[in-house]
Number of protein chains: 2
Amino acid sequence: MRLRLTSAILLLAMMVQGSDAQQSLAGYTPERSRTETLWEKRFRDLPERSQIRADMLHLSARPHHVGSPYDKQNAEWLLAKLKSYGLEGDIETFTALFPTPKMRKLELLGSVPFHAKLRLPPLAIDPTSSQTSEQLPPYNAYSRDGDVTAPLVYVNYGRPEDYDSLARMGVSVKGMIVIARYGLNWRGVKVRIAAEHGAIGCILYSDPHEDGYFRGEPYPAGPMRTADGVQSGSVLDMPLRPGDPQSPDDVSPPGVKLIPLDKIETITKIPVLPISYADATPLLKSLQGETVPEAWRGALPFTYRTGPSIAKVHLALSSNWDRKPLYDVIASIPGASQPNQWVIRGNHHDAWVNGAGDPLSGASAELEEARALGQLLREGWRPQRTIFYCFWDGEEPGMLGSTAWAKAHATDLAQHAVAYFNTDGNGRGYLSAAGSHSLENFVSQVAKDIDDPETGMSVWERARLVQILLASSPQARTELRARPDLRIPALGGGSDYIAFLDHLGIATIDLSYGGEDEAMGQYHSAYDDFYWYSHFEDTDFSYARVLAQTAGTMVMRMASADLLPFQFSDFANTVRLYDDQLKTLITDMRDQAKEENQEISESVYRALYDPKKRMIPPPSQALPPDLNFKPLDQACSDLTAAAQLFDSAFIAAHGMAPSNVNAELIQSERALTDPRGLPGRPWFQHLIYAPGFYTGYEAKTLPGVREAIEQRRWKDADTQILNVSAALERVAGLLKQATESLLSQK
Amino acid sequence: MRLRLTSAILLLAMMVQGSDAQQSLAGYTPERSRTETLWEKRFRDLPERSQIRADMLHLSARPHHVGSPYDKQNAEWLLAKLKSYGLEGDIETFTALFPTPKMRKLELLGSVPFHAKLRLPPLAIDPTSSQTSEQLPPYNAYSRDGDVTAPLVYVNYGRPEDYDSLARMGVSVKGMIVIARYGLNWRGVKVRIAAEHGAIGCILYSDPHEDGYFRGEPYPAGPMRTADGVQSGSVLDMPLRPGDPQSPDDVSPPGVKLIPLDKIETITKIPVLPISYADATPLLKSLQGETVPEAWRGALPFTYRTGPSIAKVHLALSSNWDRKPLYDVIASIPGASQPNQWVIRGNHHDAWVNGAGDPLSGASAELEEARALGQLLREGWRPQRTIFYCFWDGEEPGMLGSTAWAKAHATDLAQHAVAYFNTDGNGRGYLSAAGSHSLENFVSQVAKDIDDPETGMSVWERARLVQILLASSPQARTELRARPDLRIPALGGGSDYIAFLDHLGIATIDLSYGGEDEAMGQYHSAYDDFYWYSHFEDTDFSYARVLAQTAGTMVMRMASADLLPFQFSDFANTVRLYDDQLKTLITDMRDQAKEENQEISESVYRALYDPKKRMIPPPSQALPPDLNFKPLDQACSDLTAAAQLFDSAFIAAHGMAPSNVNAELIQSERALTDPRGLPGRPWFQHLIYAPGFYTGYEAKTLPGVREAIEQRRWKDADTQILNVSAALERVAGLLKQATESLLSQK
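What counts and what doesn't
- Residues numbered from 1 in each chain as written.
- Chains lettered and ligands numbered in written order.
- Predicted model: local features only at pLDDT ≥ 70, side-chain atom pairs only at ≥ 80, totals over all residues.
- Helix = DSSP H or I, 4+ residues; strand = E, 2+ residues; numbered from the N terminus.
- Rg over C-alpha atoms; globule rule 2.2 N^0.38 Å.
- Buried ≥ 20, exposed ≤ 12 C-beta atoms within 10 Å, placed from the backbone.
- Contact = placed C-beta atoms within 7 Å.
- Domains from an automatic or database assignment.
- Nonpolar A, V, L, I, M, F, W, Y, C, P; charged D, E, K, R; others polar.
- Least-squares fit on C-alpha atoms with pLDDT ≥ 70 in both.
- Pairing = 2+ DSSP bridges.
- Right-handed = clockwise from strand over helix to strand, strands pointing away.
- Arc of directions from axis to C-beta.

Asker: What should I look at first to understand the overall build of chain A in this one?
Answerer: A count of helical and extended segments in chain A gives 23 helices and 17 strands. Taken over C-alpha atoms, the radius of gyration comes to 26 Å for chain A, in line with the 27 Å a tight globule of 746 residues would show. For chain A, buried positions account for 57% of its 746 residues. Put simply, 80% of the contacts in chain A that link residues at least 6 apart link residues at least 24 apart.

Asker: Is there a simple way to explain the domain arrangement of chain A in this structure?
Answerer: All names here are of chain A. Once the domains are mapped, chain A shows domain 1 (101-321) and domain 2 (569-744). Of all the elements in the fold, those that place two or more residues in the side of domain 1 that touches domain 2 are α5 (160-168) and α6 (187-196). Tallied by class, residues from the side of domain 1 that touches domain 2 come to 8 nonpolar, 3 polar and 3 charged.

Asker: Help me understand the relation of the copies chain B and chain A, please; the structure alone is not making it clear to me.
Answerer: Superposition of the two copies of the chain requires a rotation about an axis together with a shift along that axis. Rotating chain B by 180° and translating it 0.0 Å along the rotation axis places it on chain A, where the RMSD comes to 0.0 Å. Taken together, the turn and the small shift mark the pair as related by a two-fold rotation axis. Here 100% of the contact residues of chain B are again contact residues in chain A; the copies associate through an equivalent surface.

Asker: Which parts of the structure should I look at to understand the pairing of strand β7 (residues 201-205) of chain A?
Answerer: Residues and elements named next belong to chain A. The buried fraction of β7 is high, at 5 of 5 residues. In β7, alternate side chains face the same way, and those of Gly-201, Ile-203 and Tyr-205 on one face and Cys-202 and Leu-204 on the other are all buried. In this structure, strand β6 (residues 177-181) lies alongside β7, joined through 5 bridges in parallel fashion. If you follow Arg-181 over to β7, its bridge partner there is Tyr-205. For the crossover from β6 across α6 to β7, the handedness is right-handed.

Asker: I keep staring at the interface of chain B and chain A and nothing clicks. Help me out?
Answerer: A common way to express how large an interface is: the accessible area buried when the components associate. Contacts between the two partners involve 31 residues from chain B and, on the opposite side, 31 residues from chain A. Secondary structure elements with two or more residues in the side of chain B that touches chain A: α13 (459-470) and α19 (604-607) of chain B. Sort the elements by how many residues they give to the side of chain B that touches chain A and α13(B) lands first, with 5 residues. Classifying every residue of the side of chain B that touches chain A by side-chain character gives 16 nonpolar, 5 polar and 10 charged.

Asker: What's the story with helix α7 (residues 277-285) of chain B in this structure? I'm lost.
Answerer: In an α-helix there are 3.6 residues to a turn, and that puts residues three or four apart on one side. Residues and elements named next belong to chain B. Taken together, the buried positions of α7 are Tyr-277, Asp-279, Ala-280, Leu-283 and Leu-284. Projected down its long axis, α7 shows its buried positions confined to an angular sector of 145°, all on one face. In this fold, the buried residues of α7 make contact with β2 (100-108), β6 (152-154), β7 (177-181), β8 (201-205), β10 (272-275) and β11 (313-320).

Dropping the structure here:
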């Protein structure tokens, strides 16, 4: 067996020499680059679409949420598989608070009472949809228990600006139950914002405009959400702190004192329940008041009004507030020369129900990577660094498993972790990569080596061309055409990378493919199952295979580089962009305040007076003060200079690395954290990236400064500018040291 | 009676002297300005909301389309009223081809056949909605007869770019029946464009997104279109030529040879029928093919697809192709000193059905103006010029009555017409004025003297402030704040001003109020009646009164000015803006072609390839050539210089006018016409304004040049630049003469 494979590698070697072998991989000596390239190519031949399909079929055969029997079975099955592939491994078990529904009730009182159905009917054509006895019914985990009755108000997406608009229309939500549509921001912040405005209950629903027939044919004729479809999901206040809400250190060894239920900060202040649009229709139709602004209108066939309703809504909820076991499957391949430098790869395995798309489209690809690496091991490959293949439990409730593991191993990770590569749901289409900008160049380097199955071009080229087509301005297109690396967006919230990146400061990349199908059609519902996925998404598993090739190549290349392939010019360029955005933000806020004040003074709002409508003019505003951006500008300049020198020295080094340089590079992301964390949420220690406190999914960059400006906390803004500047200077300092080391070896 | 009124005027005189009497009206000597101001104020006190309401109630009591008994009765009643008010008058009768439905049939064939209802049900609460025996049923007048059966394709709004998008999705409409939603462009061009692309039949429907529950509560709970609501309307090819399609000179004295039916250019090439969304729903649901682009999706509760349908649609139509009488009611007040200078005021009186909003909200206001002017006559007022108050027939089918009258009196009008003031439907809200920019300053001057009933500010100030709030950019806001005159938009198509402005070159202003209600809710249907209007629109007729005050003041001020209040700096400034827009248009077309060609060459469209979808890449394009804008730039400069000199001389003249100057000013708009007309549509002789050939309602400015560029007829563009430049130089010449005359009188 070994012989035959070796000859295959020799054949590949000849092909490579004839083509692109001249150019060494970044961070590799020319010789090691040739070997690595051969192994990577061999690796990318191994993933099989049929295997991934079979794995997804097995893992999605039954509901497997946290605490379910099949969740544990899947963990054990994954471990057995990984071991059979030749990886070492174990299950690390933690526990966490995970509430499940005891009682859910929603009704519209009044002359013709309506009782919401709150369930997804099984479909004959879809075999797993009938496993109702094992399914969690639709709910929002970590909603507090409650029993409230009040008139209803429609709040659009439930963003702060939506409540501002309502106030301008003379509508208050104080003492009301609000109904918000899913979309744009993360569900958990919708509830928090509703409570901040005095609402006593919250209903979330899937409007067909975002999530249903407006986008495409409903299931099972097409992929989209049906009339009874509901998006379940956690409302744990993760932008404040993810992980087990009862144990602030996220690990709860026996004997540790847990926070009592009524003292937990990250449970919602008001009860919240997700419903379908079939259940939402009678509620929305009961609303009185004015027609909502055009941008607030969904795709249901009636006039959307603000409310309040005359008929009251009754919402009653209670949960079983139990602690549940978490089964993190952790497998590893020990590093040959640098076992204490860790490259970590992860995807969660728990789901809300059967979870074919979320998370198994990513997890099955990850498992296939492990199979391929196991095969390489048998063929003689050894990574220089230690590789971890992790399958997290408890992502859906609140990144419970990944956060617990990250905290349990925090000291080791701080010292040893090189990078974390995350995946989650995956689909058909274009490469999407986000995360640490010190890896921006690395992402492009790998993506150029991955073939797109539909077009034959590289996934890098395809992503770049699609970005050109979608670019918002000629300037953006010009940059895309000129820039050697794809720009990668910053990471916000939504998957297991949070503890690694935002809490521990480990350089992170999150990967997926998508853009060609309506991938969110059954998101977080019982129809996100094998039948649905295999009929409407990446139906032949081509892109699961490409995901395995992409993530696996990244893991391999990072694990065996002589000199870790971090580059900092992209990072410096990106941070300067963020700095500029902050200044534009302030200028725009000032211009807007000036304009609105002028409009008030010249009676524009009196001109708008319409006796048939309510209209409250905005109050006049104080203008934002001048902030001192000099330290940040200086830090950007210092960082840019240091980054350019380092990147040049990196190239000149041709993979020759003095021993201290890699250790310094590993620390470069850690240098961006601050143990004091962000204002009001100390768990978030990364000063460059965070999920927005009022957006949840969407990243805020330079979050301490940006959110202070957005929320008009001017003192915080000044302090945070200094903190960020100091962090950037730390990185610049590290890079100077590393550059000197690189140059001194000549 | 006379005595008491005279003392009221004396009292007013004292008030005026204490306030704004210092500033003379433009074009008036100080002394005559004082008298005029008093009469105008007196005039504005006279219109009564209750009288306008009663007039609308009477005129809308029965359906009164062209050829109906009540159409004739209304004309006779209007004439009697006008005479009773003290105006001279008569009915001028013309005839025109006006087809009415003989047979209408629309069905979806296939396994579950569907027959469209094609009717609006009477509503118990709405008394006139039950007059079904007198109502014209929903139809598109001047659709050719036809009987076609074919698969169906959805074409969005049916604009040229919509067909381009379909072609890119691999969908052809050749041999198909198309279904287009109402909105954006004028219905007649939707049909023409469909025929140009090879469709054999056309269905128009009112999507609730533009015209129904998406915008507000349906009738009778609210103002909006119901499930069975249909917008009737003409599809005569008016952008080619309005007026009687059988008599090219628009007047048909007995014995004149009429164009035979099968030779008429302005009848549609394919049959077309308007339907409700209830009737459209089964048709749209039958469509196969891909989900349409997001901007194409309406508000109906299902997935919109391109088609074609598998089941065929059968559309059969025939009309009674009869000639019908047109009753134009023409009243006048002879001018005291300049009876041969005519100020013309008009609004149509015919409707599709009962027509409370369209046209009676405008016509009732006009009638009330005439009553008030009659009262002034009794009080001793006399206009210097002759005033015509016209109530047109046959506007709805194709501006038949106004066009016939304009052509019948073309020679006199060319010599005598000073200006035409048009109104049509009216609503509650903000002043909207559009038309000739030589009257832009005049519009602002009058609008500053009109009080807004809701806010107490002038309608000028209210319009200006609302425009500031809605302005698209800070630059636009700055201009609005600095500019002494409101910018008025150019006139396109849609009401009786077309023959006056576009064919004869008579300076024109079209006036209305609106913006606060959903005024189009029952547009062109049987529910546009008194019950609807008086419950949901300008319910207390405040704005009908303000319209009468506004239009009447304009008529009075124009009729008695010593020096006609035309100003040309605004006009010159506007034409230069149009010139700049043309250059931007060319630049944008060139940039876009370059960008698309580059995208093709760099394989962007290959990157977009999705095996699940059809996608036809665009062909590479020839770049637009350089056009010679120098003559136009020069003409703009000459015009600007001449206009500034004239406007200064005008102000310095303090209303002292040598006899030839007013005659020259009257000719200034005529100088903008060219007897050769626009390329391909010689009836349109104005070189600055025209309804777009492919938009219908929307104006195209410098239309000969602009449409040549848009349609890539580069030679025409060059020629048309010369024609427009010559016209502008003619105006500059006229202004120089007029300026010399003004200066020489000193």
